[in-house]
Amino acid sequence: MKKKHLLLFLLLLPLSSVRAQMVAVNTDVLMDVLQIPNMGVEIVVGERSVAGLHAFGGYRPWGKDVRVLGLQPEYRYFFSGRPMNSFFVGLGLLASSYDITWAGKVYDGNAFGGGMTFGYVLPLTHRLNLDFHAGFGAIYYRQKEYFEGDFYDQDYSTGGLLRPNATGYTLLPTRIGVSLSYILK
């Protein structure tokens, strides 16, 4: 019983020194132009660092045969000594599900990976920032890849389940964009 109380005390101890944190919400303007709704949240976790989570998803943007859904957690370190201001470098992860038809070929699968992001945050007002960023990383994908009109359901099923026919790693841009951020507090 005493071990449970000690564990509870150790878990609650960091909460005793919690102060108001700077929190911002953002949207990637380039993804908005591509008609892929997205939203991000960032919270200051240190004197020079920010942790964030960006979510995006789209169905048939610009009438194209595309479905995409993804999450991108990220940690950013700011060189200016102030979070959400000036140059930064970040480490991020990516998890995505997609179904894209491009030039007569269908790509339907999932991707997971991680990489680095570099960027600059330009303060516009006391609460409004413009965030320019570009990231690159290694991505693992597992997908069904076939030409439109193929009989994929018959050719690649095992026991009634469709199986992926393409897996591997590739180097890709993980996040490129311009975000508009609003600082809540």
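The structure reproduced in this document is the subject of the present report. (Residues numbered from 1 in each chain as written. Predicted model: local features only at pLDDT ≥ 70, side-chain atom pairs only at ≥ 80, totals over all residues. Heavy atoms only, no water.)

## What to know about the overall build of the protein
No. 1: Counting its secondary structure elements, the protein contains three helices and ten strands.
No. 2: Along its sequence from the N terminus, the protein presents helices and strands in the succession α-β-α-β-β-β-β-β-β-α-β-β-β.
No. 3: Taking contacts inside the protein between residues at least 6 apart in sequence as the whole, the part at least 24 apart equals 55%.
No. 4: Summed over its atoms, the accessible surface of the protein is roughly 11800 Å², and 67% of this surface lies on carbon and sulfur atoms. (Helix = DSSP H or I, 4+ residues; strand = E, 2+ residues; numbered from the N terminus. Contact = heavy atoms within 4.5 Å. Areas by Shrake-Rupley, 256 points an atom, 1.4 Å probe, with all protein chains shown as cover.)

## Let's talk about the pairing of strand β3 (residues 49–59)
No. 1: Two strands pair when backbone bridges link them, and strand β2 (residues 38–44) and β3 are joined in this way by seven bridges, in the antiparallel orientation. Each bridged residue has a counterpart across the sheet, and for Met39 the counterpart in β3 is Ala55.
No. 2: As consecutive antiparallel partners, β2 and β3 are separated by four residues.
No. 3: The pairing of β3 with strand β4 (residues 66–78) spans eleven bridges and is antiparallel. Note on β4: the bridge partner recorded for Phe56 is Gly70. (Pairing = 2+ DSSP bridges.)

## Observations regarding the environment of Ala51
No. 1: In this fold, Ala51 is placed in strand β3.
No. 2: Residues Ala51 and Val23, 28 residues apart in the sequence, show an inter-C-alpha distance of 9.9 Å.
No. 3: In this structure, Ala51 is in contact with Val41, Glu42, Ile43, Val45 and Glu74, ignoring residues within four places of it in sequence.

## Regarding a nonpolar patch on the surface
No. 1: A surface patch of nonpolar side chains, amounting to about 710 Å² of accessible area, comprises Val29, Val33, Leu34, Trp62, Leu122, Leu124, Phe132 and Leu180.
No. 2: Positionally, Phe132 belongs in strand β7 (residues 128–147).
No. 3: Judged by relative accessible area, which is 34%, Phe132 ranks as partly exposed. (Patch = residues over 30% accessible without salt bridge, like charges linked within 9 Å, V, L, I, M, F, W, Y side chains within 5 Å. Salt bridge = Lys/Arg side-chain N within 4 Å of Asp/Glu carboxyl O. Buried < 20%, exposed > 50% of the residue type's maximum accessible area, 1.4 Å probe, protein only.)

## A few points about the environment of Ala55
No. 1: Of note, Ala55 is situated in strand β3.
No. 2: The class of Ala55 is partly exposed, set by a relative accessible area of 31%.
No. 3: Sequence separation between Ala55 and Asn38 is 17 residues; the distance between their C-alpha atoms is 5.6 Å.
No. 4: Residues in contact with Ala55, not counting those within four places in the same chain, are Pro37, Asn38, Met39, Gly70 and Leu71.

## Comments concerning the environment of Val121
No. 1: Positionally, Val121 belongs in strand β6 (residues 105–123).
No. 2: Given a relative accessible area of 4%, Val121 falls into the buried group.
No. 3: Remark: the alpha-carbon pair of Val121 and Val178, spanning 57 residues in sequence, is separated by 9.6 Å.
No. 4: Setting aside residues no more than four positions away along its own chain, Val121 makes contact with Phe78, Met84, Asn85, Ser86, Phe88, Asn129, Leu130 and Asp131.

## Some thoughts on the pattern of salt bridges
No. 1: Within the structure shown, the criterion is met by eight salt bridges.
No. 2: The salt bridge partner of Asp65 is Arg60, with a shortest N-O separation of 3.8 Å.
No. 3: Accessibility expressed as a relative area gives 40% for Asp65, which makes it partly exposed.
No. 4: With a relative accessible area of 38%, Arg60 lands in the partly exposed category.
No. 5: Arg76 is paired through a salt bridge with Glu74; the nearest N and O atoms lie 3.1 Å apart.
No. 6: Judged by its relative accessible area of 2%, Arg76 falls in the buried class.

## Considerations on the side chain of Asp28
No. 1: Mapping Asp28 onto the fold places it in strand β1 (residues 23–28).
No. 2: For the buried Asp28, no salt bridge exists, and the shortest N-O distance to an oppositely charged side chain is 4.6 Å, to Arg175.
No. 3: A distance of 3.5 Å separates a polar atom in the side chain of Asp28 from the backbone nitrogen of Val178.
No. 4: Look past the residues within four positions of Asp28 in its chain and what remains in contact with it is Asn38, His54, His133, Ile176, Gly177, Val178 and Ser179. (Lys, Arg positive; Asp, Glu negative; His and termini not counted. Polar contact = N/O pair within 3.5 Å; in protein donor to acceptor, adjacent residues only side chain to side chain.)

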